[in-house]
Amino acid sequence: MAAIYNLYIINKSGGLILYKDYGSAGRMDTNDSLRVASLWHSMHAISQQLSPVLGCAGIDLLEADNFDLHCFQSLTGTKFFVVCEPGTLHMENLLKYMYELYADYVLKNPFYEMEMPIRCELFEISLSQAIQKDRVALLGR
């Protein structure tokens, strides 16, 4: 079974710029993935405002009975979040690595328009390799 079910990348305005399904029970349609991304962006923003801790960056981890949701927000406001099996470890490092891939393959691409959906084959290949490498590491424990 896959450790990671879904990957979402959301721009600073809350728009979904990438959705990848990595083995969940059923792939969501486009509208559902847009709703999930929008909902997460809103919850993240509200949690920043309601937190009693000064300088709170929002929700990093949401734990449920059947899944965990890990989130990484870049300094530019782009959010990377994965839905994975409960108790999956080291997702923070994987999300940071995904951000590095994003910076290398997407942001340095002269044909990419900021805040628009990502259409970069090398980025998607590198993401798939990172996910596969993470799965192999999890199975090796």
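As the structure is a prediction and not an experimental result, all values here were calculated from the model.

1. Notes on the confidence of the model for the protein
- Averaged over the protein, the pLDDT score is 88; the fraction of residues at 70 or greater is 91%.
- Of all secondary-structure elements in the protein, the lowest mean pLDDT belongs to helix H3 (residues 121–139), at 81, while helix H2 (residues 91–107) reaches the highest, 95.

2. Examining the pairing of strand S2 (residues 16–21)
- The pairing of strand S1 (residues 4–10) with S2 spans five bridges and is classified as antiparallel. Opposite isoleucine 10, over in S2, you have leucine 16 as the bridge partner.
- Taking the residues between adjacent antiparallel strands as the criterion, S1 and S2 are bridged by five residues, where glycine 14 takes a positive phi near 95°.

3. Section: the environment of leucine 18
- Relative to the helices and strands, leucine 18 is located in strand S2.
- Linking leucine 18 and phenylalanine 80, residues 62 residues apart in sequence, is a C-alpha distance of 9.4 Å.
- Among residues more than four places away in sequence, those in contact with leucine 18 are Leu7, Tyr8, Ile9, Ile118, Phe123, Glu124 and Leu127.

4. Side note on the pattern of salt bridges
- Following the criterion strictly, the structure yields four salt bridges and no others.
- For glutamate 124, the salt bridge goes to lysine 20, with nearest N and O atoms at 2.9 Å. In this pair, glutamate 124 is assigned in helix H3 and lysine 20 in strand S2, connecting sequence segments 104 residues apart.
- On the basis of relative accessibility, which here comes to 23%, the residue glutamate 124 falls in the partly exposed class.
- Take lysine 20: its relative accessible area is 22%, and that puts it in the partly exposed class.
- A salt bridge links aspartate 32 to arginine 35; the nearest nitrogen and oxygen atoms lie 2.5 Å apart. Residue aspartate 32 and its partner arginine 35 are located together in helix H1 (residues 30–50), separated by three residues, close to a single helical turn.
- According to the relative accessible area criterion, aspartate 32 is partly exposed, its value standing at 30%.
- When its relative accessible area of 52% is taken as the criterion, arginine 35 is described as exposed.

5. What to know about the packing of aromatic side chains
- Using the criterion set out here, one finds nine aromatic pairs in the structure.
- Arranged with centres 4.5 Å apart and planes meeting at 10°, the rings of tyrosine 8 and phenylalanine 81 form a pair that is stacked. Of this pair, tyrosine 8 sits in strand S1 while phenylalanine 81 sits in strand S5 (residues 79–84), and the two are 73 residues apart along the sequence. Summarising the burial analysis for this pair, tyrosine 8 and phenylalanine 81 share the class buried.
- Summarising the aromatic geometry, the rings of tyrosine 102 and phenylalanine 123 are spaced 6.3 Å apart at their centres and angled 65° between planes, so their arrangement reads as edge-to-face. Within this pair, whereas tyrosine 102 is found in helix H2, its partner phenylalanine 123 is found in helix H3, the two being separated by 21 residues in sequence.

6. Considering the environment of phenylalanine 67
- Along the chain, phenylalanine 67 falls in the loop between strand S3 (61–63) and strand S4 (68–73).
- Sequence separation of phenylalanine 67 and glycine 87 is 20 residues, and the distance between their C-alpha atoms is 8.3 Å.
- Apart from the residues within four sequence positions on either side, phenylalanine 67 is in contact with Tyr5, Leu62, Val83, Cys84 and Pro86.

About the thresholds
Residues numbered from 1 in each chain as written. Predicted model: local features only at pLDDT ≥ 70, side-chain atom pairs only at ≥ 80, totals over all residues. Heavy atoms only, no water. pLDDT = per-residue confidence, 0-100. Helix = DSSP H or I, 4+ residues; strand = E, 2+ residues; numbered from the N terminus. Pairing = 2+ DSSP bridges. Contact = heavy atoms within 4.5 Å. Salt bridge = Lys/Arg side-chain N within 4 Å of Asp/Glu carboxyl O. Buried < 20%, exposed > 50% of the residue type's maximum accessible area, 1.4 Å probe, protein only. Phe/Tyr/Trp six-rings, centres within 6.5 Å; stacked < 30°, edge-to-face > 60°.

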